[in-house]
Amino acid sequence: MLKLTFCLRRLAGLSREEFQKYWLERHAPLVAKHAKTLRLRRYVQVHTSEDPLNRMLRETRKAPQPYDGVAELWWESKEELQQAISTPQGQQALEELKQDEDRFIDGTRSPIWLAIEHEIISP
């Protein structure tokens, strides 16, 4: 499996709650709409929560502020992804998703990369 990880930071002017609400209620349905065209196997949103335990974990590690969330997307292979995005429909889907992302994600501060997972522990 090929995995895309996208660590998200919200645009200035949006609260974390506004950002996460838009991401879940507006962007997620758009991803679902294009899932077949893009040959997505799985899409997960990981929403950051702010609570005392998170603050304590950051403080004990001297860690920076967290991302507002992490998007995780999976494909069967790199070839599957390349084939999906090489079609006119795939290109159109990518364009629609990017236009929507520009409404709530600060792309200049949001790292994105492809990787191969190595499962160490599973149920």
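Parameters at a glance
Residues numbered from 1 in each chain as written. Predicted model: local features only at pLDDT ≥ 70, side-chain atom pairs only at ≥ 80, totals over all residues. Heavy atoms only, no water. Helix = DSSP H or I, 4+ residues; strand = E, 2+ residues; numbered from the N terminus. Buried < 20%, exposed > 50% of the residue type's maximum accessible area, 1.4 Å probe, protein only. Contact = heavy atoms within 4.5 Å. Areas by Shrake-Rupley, 256 points an atom, 1.4 Å probe, with all protein chains shown as cover. Lys, Arg positive; Asp, Glu negative; His and termini not counted. Charge placed at Lys NZ, Arg CZ, Asp CG, Glu CD. Polar contact = N/O pair within 3.5 Å; in protein donor to acceptor, adjacent residues only side chain to side chain. Salt bridge = Lys/Arg side-chain N within 4 Å of Asp/Glu carboxyl O.

### Things to note about the overall build of the protein
So, point 1. Per the secondary structure count, the protein includes four helices and four strands.
So, point 2. For the protein, the N- to C-terminal ordering of α and β elements is β-α-β-α-β-α-α-β.
So, point 3. By its C-alpha atoms, the protein is 45 × 40 × 25 Å across when sized along the principal axes.
So, point 4. The buried share among the 123 residues of the protein stands at 35%.
So, point 5. Within the protein, contacts between residues separated by at least 24 positions form 83% of all contacts whose residues are at least 6 apart in sequence.
So, point 6. Surface exposure of the protein reaches about 8,300 Å², of which carbon and sulfur atoms provide 55%.
So, point 7. A distance of 2 Å separates the average location of the 19 positive side-chain charges in the protein from that of its 19 negative side-chain charges.

### Focus: unusual backbone geometry
So, point 1. Positive phi is not limited to glycine here, since Arg-39 has a value of about 60 degrees.
So, point 2. The topology assignment puts Arg-39 in the loop between helix H1 (16-38) and strand S2 (42-47).
So, point 3. Judged by relative accessible area, which is 31%, Arg-39 ranks as partly exposed.
So, point 4. One non-glycine residue, Lys-62, lies in positive phi territory at about 55 degrees.
So, point 5. Within the secondary structure layout, Lys-62 lies in the loop between helix H2 (52-61) and strand S3 (69-75).
So, point 6. Overall, the relative accessible area of 76% leaves Lys-62 in the exposed class.

### Some words on the side chain of Ser-110
So, point 1. Among the secondary structure elements, Ser-110 is positioned in the loop between helix H4 (88-101) and strand S4 (112-116).
So, point 2. Classification of Ser-110 by relative accessible area gives buried; the value is 6%.
So, point 3. For Ser-110, the side chain forms a polar contact with the main-chain nitrogen of Arg-9, separated by 2.9 Å.
So, point 4. Residue contacts for Ser-110: discarding those within four places in its chain leaves Phe-6, Cys-7, Leu-8, Arg-9 and Ile-105.

### Examining the pattern of salt bridges
So, point 1. Using the criterion set out here, one finds 14 salt bridges in the structure.
So, point 2. Measuring nitrogen to oxygen at the nearest pair gives 3.0 Å for the salt bridge that ties Arg-16 to Asp-68. Placement of Arg-16 in helix H1 and of Asp-68 in the loop between H2 and S3 is noted, with a sequence separation of 52 residues between them. Grouping residues by exposure puts Arg-16 and Asp-68 together as buried.
So, point 3. Between Lys-21 and Glu-25 there is a salt bridge, with the nearest N and O atoms lying 2.9 Å from each other.

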